[in-house]
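Read off the chains here:
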Amino acid sequence: MRADVDLDIGRKTFASGLLPELIAALRRSHPGDLVAVVGDEQSVGPELETWCRFTGNPLVEATVENGRARFVFRCGAAPRPAEDNRPVGSRLWLYTNFDCNLRCDYCCVRSSPTALRRELGLPRVQRIAREAAELGVKEIFVTGGEPFLLEDIGEILAACASVAPTTVLTNGMLFAGRRAESLHALPRDRIVLQISLDSATPERHDRHRGPGTWARACEGIQRARAQGFRVRIAATVSTDAEADEFGQFLDEEKIAAEDRVIRGIALRGSANEGVALGRADLVPEVTITADGVYWHPVGADDADLLVTREIFPLAESFAAVRRAFDREGEHANKLARIFNCA
Ligand code: SF4
């Protein structure tokens, strides 16, 4: 992750002069800037993390590069937060495959046509659905990469919809032939299609997602509606001005408030701009991938948001996420924020 301020602290710790350096770095930074602290003492990590929490400058990345520890914290809280009282575990996210027909430049989980397929698989999804029924899951969100690349996506969605209202996140470009048939059999009252459309005209959408993708997404929206599905439109934007402009477009199109999602770019995955988000910024939404259970869908390919590699029993993986959230909650001046993906 690129930083705005780089601080090489050598072997310094909080016992030997690190604090004044951090304060000086904060003084020459602006809200939202990222400060990278590089040092030779990995043991400084826990104290630095505590300092980040208590000063309200969240740690958003911790890595080891060339044998040196590198920590990145953001100056100040994430912008545009919205409080949410949704209980942990009421929303369940499934990443079905990770590969995608597109290569969007801000994809938070690095999906692309060349990304390795990491498939959750129908048997695991069916077991998740069975166990989720006992755990108070109120909504299920299915995302890919692009879920409609999967031959059995119809059965996967049917399994989820049998337990809870299900939203499938898609770029909307594959609703033809066999895939259109898999849509055909799905219950319209239990499945919502959340289709990505970033702008009112092709330029911005195509710049991030590839030439011609805006027109094909619009076609996908029309096809889904023609089949009788409720469609939610989801835009990823870089600025508040872009969000306002797209909101006006949705007003003109008479898209209901509950059928729109407008969110900023998260500085994760393939993105090289956007809001840097760490655990402390995010209310957990249990997210299951082939690789394990994650804190939130926005970081489902990132080790810092991995909670456990064991998916089953599902009750235990939900409990692990709740325990991790409780630990976060112990930090008195933490404010968990929601980053809306749906
Ligand atoms: S943002 Fe969505 S459509 Fe784009 S590469 Fe990632 S998964 Fe695919």
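Structural data are supplied above this passage.
So, about the overall build of the protein. The helix and strand tally for the protein stands at 9 helices and 13 strands. Principal-axis analysis of the C-alpha atoms places the extent of the protein at approximately 65 × 45 × 35 Å. Looking at the protein alone, contacts between residues at least 24 apart form 70% of all its contacts between residues at least 6 apart. Of the roughly 15000 Å² of accessible surface on the protein, 51% is carried by carbon and sulfur atoms.

This part takes up helix α8 (residues 240-252). Between its terminal C-alpha atoms α8 stretches 18 Å, which fits the 18 Å expected from 13 residues at 1.5 Å a residue. Every buried residue of α8 is accounted for by Glu242, Ala243, Phe246, Gly247, Phe249 and Leu250. Angularly, the buried residues of α8 cover 160° about the axis, an arc narrow enough to put them on a single face. Every exposed residue of α8 that faces more than 90 degrees away from the buried side is listed here: Ala241, Asp244, Gln248 and Glu252. Buried residues belonging to α8 abut α6 (202-209), β9 (230-237) and β10 (260-264). Positive phi shows up at lysine 254, right after α8, with a value of about 60°.

What follows deals with the site of the ligand. With respect to spatial proximity, the complete set of residues near the ligand consists of Cys100, Leu102, Cys104, Cys107, Ser111, Gly145, Asn171 and Arg209. Because more than half of its atoms lie within 2 Å of the grid, the ligand is assigned to the largest cavity. Here the residues of the shell around the ligand sort into 4 nonpolar, 3 polar and 1 charged.

Two elements in contact, α6 and helix α7 (residues 213-226), have axes separated by 8 Å at closest approach and are oriented at 105°. The angle between α6 and α7 places the two elements in the roughly perpendicular class. The segment α6 lies against α7, with Pro202, His205, Asp206 and Arg209 engaging Thr213, Trp214 and Ala217.

A few words on the environment of threonine 166. With respect to the secondary-structure elements, threonine 166 resides in strand β7 (residues 166-170). Residues threonine 166 and valine 142, 24 residues apart in the sequence, show an inter-C-alpha distance of 7.3 Å. If we skip the residues at most four places from it in the chain, threonine 166 touches Ile140, Val142, Leu157, Cys160, Ala161, Arg190, Ile191 and Val192. A distance of 3.5 Å separates the side chain of threonine 166 from the backbone oxygen of cysteine 160, its partner in a polar contact.

Further remarks concern the packing of helix α3 (residues 122-132) against helix α4 (residues 153-161). It is the contact of α3 with α4, at a shortest axis distance of 9 Å, that shows an interaxial angle of 10°. The angle between α3 and α4 falls in the class roughly parallel. Across the interface between the two elements, Leu122, Val125, Gln126 and Ala129 from α3 touch Glu155, Ile156, Ala159 and Cys160 from α4. In terms of residue class, the contact of α3 with α4 is built from 6 nonpolar, 1 polar and 1 charged.

Our next topic: the packing of aromatic side chains. Inspection of the entire model under this criterion finds 6 aromatic pairs. Pairing phenylalanine 246 with phenylalanine 249 gives two aromatic rings, centres 5.5 Å apart and planes at 35°, and the pair type is tilted. Here phenylalanine 249 and phenylalanine 246 lie together in helix α8, a separation of 3 residues that amounts to about one turn. One exposure class covers both phenylalanine 246 and phenylalanine 249, and it is buried. Relative to phenylalanine 325, the ring of tryptophan 295 has its centre 6.1 Å away and its plane inclined at 65°; by these criteria the two rings are edge-to-face.

Analysis parameters
Residues numbered from 1 in each chain as written. Predicted model: local features only at pLDDT ≥ 70, side-chain atom pairs only at ≥ 80, totals over all residues. Heavy atoms only, no water. Helix = DSSP H or I, 4+ residues; strand = E, 2+ residues; numbered from the N terminus. Contact = heavy atoms within 4.5 Å. Areas by Shrake-Rupley, 256 points an atom, 1.4 Å probe, with all protein chains shown as cover. Expected span 1.5 Å × (residues − 1). Buried < 20%, exposed > 50% of the residue type's maximum accessible area, 1.4 Å probe, protein only. Arc of directions from axis to C-beta. Near = heavy atom within 4 Å. 1 Å grid on protein atoms, 1.4 Å probe; cavity = no way out; pocket = protein on both sides within 12 Å on 5 of 7 lines; lining within 4 Å. Sits in = over half its atoms within 2 Å of the grid points. Nonpolar A, V, L, I, M, F, W, Y, C, P; charged D, E, K, R; others polar. Axes fitted to C-alpha atoms, helices over the stretch in contact; angles between N-to-C directions. Parallel < 35°, antiparallel > 145°, perpendicular 65-115°, else oblique. Polar contact = N/O pair within 3.5 Å; in protein donor to acceptor, adjacent residues only side chain to side chain. Phe/Tyr/Trp six-rings, centres within 6.5 Å; stacked < 30°, edge-to-face > 60°.

Keep in mind that these numbers describe shape and distance, not what the molecule does.
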